[in-house]
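Structural features, examined
Listed below are the residues making up each chain.
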Amino acid sequence: MIPILYDAELSPAGKRVRMALWLGDVRYQRVRIDLGLLDQKSEAYLALNPTGVVPTYRDGAATVYDSHLILEYLAEQGLLVLPDVSSGRVAIAARKWMVVERELARLMRPAVYETVGRKRLRQRFSSWDEALAALSRRTANRGYLNSLQAVFEQPENTALIETTRLQLEPLFAAAERILDGQPWLAGSVMGMADLAMGSRLAVCSRLELLDQERYPGLAAYLGRLQDEPCWSGADDQPWHEDFLN
Ligand SMILES: N[C@@H](CCC(=O)N[C@@H](CS)C(=O)NCC(=O)O)C(=O)O
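Keep in mind the model is a prediction, meaning the values are calculated, not measured.

As for the overall build of the chain
Check the secondary structure of the chain and you find 10 helices and seven strands. Taking 245 residues into account, the globule formula puts the C-alpha radius of gyration at 18 Å, and the chain, at 18 Å, falls close to it. The proportion of buried residues among the 245 residues of the chain is 36%. Restricting to contacts in the chain with at least 6 residues of sequence separation, those with at least 24 account for 72%.

With respect to the site of the ligand
Neighbouring the ligand are 16 residues, the closest being Ser11, Ala13, Val53, Asp66 and Ser67. A breakdown of the residues in the shell around the ligand according to their chemical character gives nine nonpolar, five polar and two charged.

A short note on the nonpolar core
Judged by nonpolar contacts, the single largest core of 56 residues is most densely connected at Ala20, Leu71, Met192 and Ala196. Mapped by element, the contributors of at least two residues to this core are β1 (4-7), α1 (12-23), α3 (67-76), α4 (92-124), α7 (158-179), α8 (192-206), α9 (216-227) and α10 (229-235). Looking at this core element by element, the count peaks at eight residues for α8. If we skip the residues at most four places from it in the chain, Ala196 touches Arg16, His68, Leu71, Ala94, Trp97, Met98 and Glu101.

Regarding the domain arrangement of the chain
For an interface, size is often stated in terms of accessible area lost upon the parts coming together. Each assigned domain of the chain is listed with its residue range as follows: domain 1 (4-89 + 233-242) and domain 2 (91-228). Each partner contributes to the interface: domain 1 provides 18 residues, whereas domain 2 provides 25 residues. When contributions to the side of domain 1 that touches domain 2 are tallied by element, the ones reaching two or more residues are α1 and α3. The element contributing the most residues to the side of domain 1 that touches domain 2 is α1, with five residues.

Looking at the packing of α7 against α9
Between α7 and α9, the least distance of the axes is 8 Å, while the angle of their chain directions is 75°. In this view, α7 runs roughly perpendicular relative to α9, as classed from their interaxial angle. Residue-level contacts link Phe172, Ala175, Glu176 and Leu179 of α7 to Gly217, Leu218 and Tyr221 of α9. Split into classes, the residues belonging to the contact of α7 with α9 amount to five nonpolar, one polar and one charged.

Digging into α9
In this model, α9 (12 residues) spans 17 Å end to end at C-alpha, consistent with the 16 Å of a helix rising 1.5 Å per residue. Within α9 the residues assigned to the buried category are Leu218, Tyr221 and Leu225. Projected down its long axis, α9 carries its buried residues within an arc of 60°, all on one side. For α9, the exposed residues lying more than 90 degrees away from the buried face are Pro216, Gly223, Gln226 and Asp227. Lining the buried residues of α9 we find α7, α8 and α10.

Structural notes on the pairing of strand β2 (residues 29-32)
Pairing geometry for β1 and β2, over four bridges, is parallel. Each bridged residue has a counterpart across the sheet, and for Asp7 the counterpart in β2 is Arg32. As a crossover connection, the stretch from β1 through α1 into β2 is right-handed. Inspection of the sheet shows β2 paired to strand β7 (residues 239-242) by three bridges, in the parallel sense. By the bridge assignment for β7, Val31 is matched with Glu241.

With respect to the environment of Ala175
Looking at the element boundaries, Ala175 is found in helix α7. Distance from Ala175 to Leu74, taken between C-alpha atoms, is 25 Å for residues 101 residues apart in sequence. Discounting chain neighbours no more than four positions away, the residues touching Ala175 are Leu185, Met197 and Leu218.

Scoring rules and cut-offs
Residues numbered from 1 in each chain as written. Predicted model: local features only at pLDDT ≥ 70, side-chain atom pairs only at ≥ 80, totals over all residues. Helix = DSSP H or I, 4+ residues; strand = E, 2+ residues; numbered from the N terminus. Rg over C-alpha atoms; globule rule 2.2 N^0.38 Å. Buried ≥ 20, exposed ≤ 12 C-beta atoms within 10 Å, placed from the backbone. Contact = placed C-beta atoms within 7 Å. Near = placed C-beta within 6 Å. Nonpolar A, V, L, I, M, F, W, Y, C, P; charged D, E, K, R; others polar. Core = buried A, V, L, I, M, F, W, Y, C linked by C-beta atoms within 7 Å. Domains from an automatic or database assignment. Axes fitted to C-alpha atoms, helices over the stretch in contact; angles between N-to-C directions. Parallel < 35°, antiparallel > 145°, perpendicular 65-115°, else oblique. Expected span 1.5 Å × (residues − 1). Arc of directions from axis to C-beta. Pairing = 2+ DSSP bridges. Right-handed = clockwise from strand over helix to strand, strands pointing away.

Here it is in structure tokens:
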């Protein structure tokens, strides 16, 4: 059976898995989860992945989440030949970057809702009632719905965005220090550490949470990464189908 990747538009977590699948030359089907409609909180999706986020990877009887665990799973399967993977095991140095990425993601989540989250919701729905009617088709859980209602109705909180920028700084600085002496987080060749961090740093930059002028090493790194064939190769994977209609 061909593996399935449940993924969403513009998801950095999905992208890192697609980069790994491209490098491993794995054939798979990409199923679209519409995050704006809360597909990820539907009963059908939560049955696959109770954390209610993308990506999820199904390979025969194995259902694997989150993105870093999927990378480790692919390494274990012998599909990733990378400098920081040996005998199917990901080096601790690379796993530390997985931890850093998770922390970046945790810290910036409220700012993501504050910026693109609110913008997309308001572009899609003209009132909260209209949004609620659509979202309630995916989930009856008031916890999910209430938090989106707050995003929809509240005015922009610019202080939160500034606070997030400051909180992210030590994590950017750690990567900048490493990249001062080597082109990749993994060393002289791109590796698992770069799959773990690259797509997240790109989103930080896109959302203006990472100031490339302040971190020239990260700016150059993002340029190198985007020149790698796996970066664009990951985006070439077409959607096979939508998860829910
Ligand atoms: N630690 C998880 C995080 C995944 C994650 O945050 N996914 C985001 C998209 S990049 C998501 O599905 N957000 C939807 C939501 O929060 O409801 C992983 O790396 O897989």
